[in-house]
Amino acid sequence: MAQKNLQSNNAEYSMTIPTSRPLWNYLLHGHKNSSKKLSRVEAFRDIIERQHASLLSGTDGIGASVIELTRAWHWNRDTTSAFISHLQQLNVVTCEKDGNRTIIRLNHTVE
């Protein structure tokens, strides 16, 4: 009975685990994808790298259209939109429209 209560309680909790660009680079080091199509992990790493580049250039977020990301990741438009939407639902990114572009911001802290 105690095990059952523990399992139902665990479903109510979530964890936030801080990561870093060096961690993602380490985790994906040597990863060879046989196709040009990126995995979700690779696409997320691409968002991290784009956010880093935008911070270095003095801009606030990633200015990219869904079509640009679709081409870069070799995905279809629906898959790209669904991925970004899911990241929003998980509170990982924030998006705002700016004309035809979507400004994507990783919800992050800078050290």
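Caption draft 1: Inspection of the overall build of the protein at higher detail. Across its full length, the protein holds five helices and three strands. Moving toward the C terminus, one meets the helices and strands of the protein in the order α-α-α-β-α-α-β-β. Per-residue burial over the protein gives 25% buried out of 111 residues. Looking at the protein alone, contacts between residues at least 24 apart form 48% of all its contacts between residues at least 6 apart.

Caption draft 2: Molecular detail of the packing of helix 3 (residues 40–56) against helix 4 (residues 66–73). Their axes nearest at 11 Å, the elements helix 3 and helix 4 cross at an angle of 120 degrees. With respect to helix 4, the element helix 3 is oriented oblique. With respect to the hand of their crossing, helix 3 and helix 4 are arranged in right-handed fashion. Of helix 4, the residues touching helix 3 (which contributes A43, D46, I47 and R50) are L69, A72 and W73. Residues of the contact of helix 3 with helix 4, tallied by class, amount to five nonpolar, no polar and two charged.

Criteria and cut-off values
Residues numbered from 1 in each chain as written. Predicted model: local features only at pLDDT ≥ 70, side-chain atom pairs only at ≥ 80, totals over all residues. Heavy atoms only, no water. Helix = DSSP H or I, 4+ residues; strand = E, 2+ residues; numbered from the N terminus. Buried < 20%, exposed > 50% of the residue type's maximum accessible area, 1.4 Å probe, protein only. Contact = heavy atoms within 4.5 Å. Axes fitted to C-alpha atoms, helices over the stretch in contact; angles between N-to-C directions. Parallel < 35°, antiparallel > 145°, perpendicular 65-115°, else oblique. Left-handed = near helix turned anticlockwise from the far one by under 90°. Nonpolar A, V, L, I, M, F, W, Y, C, P; charged D, E, K, R; others polar.

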